[in-house]
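Close look at the chain arrangement
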Amino acid sequence: MDGNGECPRSRKRFPSIIRIRGHPSLIAVTAPSQPTRAGQQDTLTALFDLGRQVTSVLDSGELLRKIPELIRRLVAFDAFAVYLLDRNRGWLRIAYAVGYPDDVVRTLRRKIGEGLVGRAVAEEKPLLVHDLSADRRDAAAVPEAKSGLVVPLLHKAKPIGAITLLSHKRGQFSDADLAILRQFGAHVAVAIANAQLFEREHEDAQTFELLAEIGRDVTAILDLDELLARIAHLVRRIIDYRTFGILLLNEAAGELEMKVAVKYGGAVDTIPRFKLGEGLVGYAALHKQSVLVPDTSVDRRYLRYLADVRSELVVPILLGDRCLGVFDLQSPELGAFEKRHVGILTLLASQAAVAIENARLYRKVRANESRLRKEMRLAQRVQAGLQPATLPTHRGVDVAARFEPALELGGDFYDVLAPGADLFVAAVGDVSGKGAAAALYGAFAGELVRGRTFRRRYLPEQSSPATVLASTNTILHERQLEGYFCALCYAAFDFDRRTAVIANSGLPFPVRSTAAETRQIGQPGIPLGLFPGTTYDEERYPIAQGDVFVFCTDGIFEANDDAGDEFGAERLIAVIQRVRDLPARTIIDAIFEAVGAFHGGAAQGDDMTAVVLKITE
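This part covers the pattern of salt bridges. Enumeration over the complete set of coordinates arrives at 16 salt bridges. Taken together, the salt bridges that share partners define one network made up of R402, E404, R585 and D589.

Taking 1.5 Å per residue, twelve residues should reach 16 Å; helix α6 (residues 224-235) reaches 17 Å between its end C-alpha atoms and fits that length. By the burial criterion, the buried members of α6 are L224, L227, L228, I231, A232, L234 and V235. Each buried residue of α6 sits inside an arc of 165° when the element is viewed along its axis, so together they form one side. The residue sitting at the N-terminus of α6 and contributing the capping side-chain oxygen is D223; that oxygen lies 3.4 Å from the backbone nitrogen of D225.

The description of two aromatic rings rests on the distance between their centres and on the angle between their planes. Taken as a whole, this structure holds five aromatic pairs when the rule is applied. Over the ring of Y283 we find R301, and its NZ or CZ is 4.5 Å from the ring centre. We note R402 situated over the ring of F592; from NZ or CZ to the ring centre the distance is 4.4 Å.

Let's shift gears to the nonpolar core. Counting residues in hydrophobic clusters, the biggest one holds 38 residues, and the most contacted among them are L227, F244, I246, F327, L329, L345 and I356. Mapped by element, the contributors of at least two residues to this core are α5 (175-218), α6, β9 (243-250), β10 (255-263), β14 (311-319), β15 (322-331) and α8 (339-386). With sequence-adjacent residues up to four places away left out, I356 is seen in contact with L224, L227, L228, L248, I317 and L324. Within the second largest apolar cluster, 27 residues are counted, among which are L64, L153, A189 and I192.

Along the chain, S331 turns up in strand β15. According to the relative accessible area criterion, S331 is buried, its value standing at 7%. Distance from S331 to Y241, taken between C-alpha atoms, is 5.9 Å for residues 90 residues apart in sequence.

Turning to the sheet that holds strand β18 (residues 423-431), a few remarks are in order. Here five strands make up an open sheet; going across it, the order is β17-β18-β19-β20-β23 and the pairing antiparallel. This sheet does not close on itself; its edge strands, each paired only once, are β17 (412-420) and β23 (538-542). Adjacent strand axes in the sheet meet at a mean angle of 15° when their direction is disregarded. This element, helix α9 (residues 435-454), spans β17, β18 and β19 (486-494) of the sheet and lies at about 15° to β17. In the packing of helix α10 (residues 465-478) onto the sheet, contacts are made with β19, β20 (499-504) and β23, and the angle to β19 comes to roughly 150°.

A few words on a nonpolar patch on the surface. A grouping of I526, L530 and F531 is seen on the molecular surface, where their side chains present a nonpolar patch of about 250 Å² in accessible area. Following the sequence through the fold, F531 ends up in the loop between β22 (518-520) and β23.

With respect to burial, β14 is a largely interior element, seven of its nine residues being buried. Bridge count between strand β13 (residues 291-293) and β14: three bridges; the pairing is antiparallel. Within β14, the position partnered with L292 by the bridge is L313. Taken together, the nine bridges between β14 and β15 define a ladder with antiparallel strand orientation. In the sheet register, P316 faces β15, and the bridge partner there is V326. The loop that links β14 with its antiparallel partner β15 comprises two residues; one of these, G320, has a positive phi angle of about 65°.

The next subject is the packing of α9 against α10. It is at 10 Å that the axes of α9 and α10 come closest, and there the two elements cross at 140°. Judged by the inter-axis angle, α9 sits oblique to α10. Crossing angle aside, the handedness with which α9 passes α10 is right-handed. Contact residues: α9 offers Y441, F444, A445, L448, V449 and R452, while α10 offers V468, S471, T472, I475 and L476. Its residues assigned to classes, the contact of α9 with α10 comprises eight nonpolar, two polar and one charged.

So, about unusual backbone geometry. You will see that K288, though not glycine, has its phi angle at about 55°, which is positive. One can find K288 in the loop between α7 (279-287) and β13. The class of K288 is partly exposed, set by a relative accessible area of 40%. Phi at R498 takes a positive value of approximately 55°, unusual for a residue other than glycine. Owing to a relative accessible area of 29%, R498 belongs among the partly exposed residues under this scheme.

Reading across from one edge, β16-β25-β24-β21-β22 is the order of the five strands in this open sheet, with antiparallel pairing throughout. Looking at the sheet topology across the chains shown, the edges are occupied by β16 (397-404) and β22. When the angles between neighbouring strand axes are averaged without regard to direction, this sheet yields 15°. Taken strand by strand, helix α12 (residues 568-579) contacts β21 (511-513), β22 and β24 (548-552), and its axis lies near 145° from that of β22. Sheet contacts for helix α13 (residues 584-599): β16, β24 and β25 (608-615); angle to β16, the most-contacted strand, approximately 30°.

Of all nine residues making up helix α4 (residues 115-123), seven are buried, and the element is well covered by its neighbours. Those residues of α4 that fall on the buried side of the exposure criterion are G115, L116, V117, G118, R119, A120 and V121. Positive backbone phi, approximately 55°, marks E124, located one or two places after α4.

Time to look at the packing of α12 against α13. Contact pair α12 / α13: the axes reach a minimum separation of 10 Å and the direction vectors enclose 140°. One finds that α12 runs oblique with respect to α13. Note that α12 runs across α13; the crossing there is right-handed. Seen from α12, the contacting residues are R571, L572, V575, I576 and V579; seen from α13, they are I587, A590, I591, A594 and F598.

Parameters at a glance
- Residues numbered from 1 in each chain as written.
- Predicted model: local features only at pLDDT ≥ 70, side-chain atom pairs only at ≥ 80, totals over all residues.
- Heavy atoms only, no water.
- Salt bridge = Lys/Arg side-chain N within 4 Å of Asp/Glu carboxyl O.
- Helix = DSSP H or I, 4+ residues; strand = E, 2+ residues; numbered from the N terminus.
- Expected span 1.5 Å × (residues − 1).
- Buried < 20%, exposed > 50% of the residue type's maximum accessible area, 1.4 Å probe, protein only.
- Arc of directions from axis to C-beta.
- Polar contact = N/O pair within 3.5 Å; in protein donor to acceptor, adjacent residues only side chain to side chain.
- Phe/Tyr/Trp six-rings, centres within 6.5 Å; stacked < 30°, edge-to-face > 60°.
- Lys NZ or Arg CZ within 6 Å of the ring centre and 35° of its normal.
- Core = buried A, V, L, I, M, F, W, Y, C linked by side-chain atoms within 4.5 Å.
- Contact = heavy atoms within 4.5 Å.
- Pairing = 2+ DSSP bridges.
- Axes fitted to C-alpha atoms, helices over the stretch in contact; angles between N-to-C directions.
- Patch = residues over 30% accessible without salt bridge, like charges linked within 9 Å, V, L, I, M, F, W, Y side chains within 5 Å.
- Areas by Shrake-Rupley, 256 points an atom, 1.4 Å probe, with all protein chains shown as cover.
- Parallel < 35°, antiparallel > 145°, perpendicular 65-115°, else oblique.
- Left-handed = near helix turned anticlockwise from the far one by under 90°.
- Nonpolar A, V, L, I, M, F, W, Y, C, P; charged D, E, K, R; others polar.

Encoded structure:
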């Protein structure tokens with residue numbers, strides 16, 4: 001009360017009133033007439049303070065809770081609600097309420113133009129109802145309400161929602177209350193728009209950070225099934241969906257095949273495949289463009305296989321100009337997805353495309369590796385079968401051999417043959433290169449040597465070590481296996497004449513250990529298969545009891561330690577000199593043990609083969 005006994009608020013001059021035809025209790029409010037100076041000052045001061053408080057809040061939850069507290073300072077009410085407009089779905093939902101039943105707050109939706117709130121937003125005008133009993137549809141949310149007023153929230157001349165006040169008394173609200181609420185609503189609209197913008201920017205920042213995290217996550221998964229399941233789980237973190245599917249394109253069949261289908265995190269039955277161009281998913285894959293359908297009931301492309309789907313978003317998974325498949329999101333709500341979701345899912349799809357392609361390539365590699373491992377194991381058995389299963393025996397000689405490939409298959413080979421009663425042959429070869437090709441080349445060369453060795457029975461003049469090398473060279477050169485050649489040392493021991501005849505075509509010189517000395521012997525020669533018409537020299541050595549002959553490939557001589565130093569001929573000669581009085585098997589094992597101790601486990605790049613013959617009589 002002031003000095004005249006009047007309430008300042010009672011001295012305000014109320015806005016002009018227009019009664020709406022057909023609704024005697026429904027009033028639209030026009031601009032108020034000029035209030036008294038004191039009343040105007042009080043109202044403006046209060047509204048300025050409330051406007052300042054409401055626009056200073058950027059957290060939408062805090063803002064919505066604060067609005068009814070501030071309104072109550074100027075206008076009394078029993079129920080309050082802020083409705084926000086969902087433009088995609090075309091309805092208003094309650095964002096925050098006081099005095100409303102909880103189930104109403106959760107479920108109530110008003111279409112634009114429907115009910116008191118819907119009409120106020122549609123007409124963009126505040127509405128005042130003194131008696132809600134004239135239209136109970138407006139009071140259904142709060143049955144006890146007898147009167148109410150609604151102010152649309154406008155931002156940049158567009159409605160974004162509405163504020164509603166309800167009272168249990170008829171005629172509770174005045175035109176002045178509505179004018180105050182209208183003015184305050186202008187501040188609220190700005191505050192809500194600012195809070196939504198702030199939260200959207202914050203949400204976008206979090207989304208892009210999450211997309212980066214997802215990108216790192218999915219690109220680390222190489223199992224395709226695990227990858228697709230992981231993607232379905234991660235999408236849930238950035239887009240709310242009811243049903244999500246990942247369909248991959250089978251180019252040969254021209255079909256999209258469902259690989260993952262989830263419904264709120266659980267499995268769901270769905271159509272297993274679509275023809276390219278069929279339905280929304282087929283359209284998106286065929287045209288390589290996203291499809292956003294707010295209402296599936298009005299889109300002829302939609303194939304109804306889930307009864308309650310109302311909106312759908314399909315995004316193609318593109319790798320360059322290739323479509324690998326699609327992401328398919330569905331919801332039972334109209335307009336559940338928006339353009340923002342298209343952009344987010346498109347970024348995720350581009351990351352997923354790379355990950356899917358990597359997983360597919362990895363699966364192919366694994367399949368090829370499995371096949372190659374099987375073939376390699378077979379090839380190893382074949383190569384082992386081509387090596388002598390047991391070495392021939394002969395009175396007066398002790399023989400041992402050992403082969404260790406650097407890879408699964410090696411290019412080294414050896415053979416020990418007894419083509420005659422008093423003749424013993426040792427051949428050690430080394431093919432250029434490693435792996436399966438070298439192993440095949442070595443097998444071929446070994447069979448050539450074997451055939452020419454046993455031909456000695458019929459053509460002794462054409463079966464000397466030098467002629468065996470020359471004829472083998474001719475055949476290998478005729479085959480024109482570019483890039484491959486073979487170094488071979490061939491030694492024939494004649495126990496009748498007590499001589500050893502040796503011819504060499506590029507293998508490291510063999511070691512001969514006698515009672516007098518241990519040294520390398522022989523002459524160099526051109527490897528087999530390089531040049532036609534090559535001839536080879538022979539050297540003859542007498543053999544005596546206790547003599548040891550050691551034939552090695554260059555893998556033993558060139559074995560490296562961690563410092564890069566080679567085992568070399570001197571170390572080999574020292575080992576042989578030390579153990580020359582022991583059996584052939586012990587000698588060869590001592591050589592390999594010395595080489596192993598020298599390189600200390602360092603990776604070796606060449607096969608190692610050795611054959612030892614010891615004259616025992």
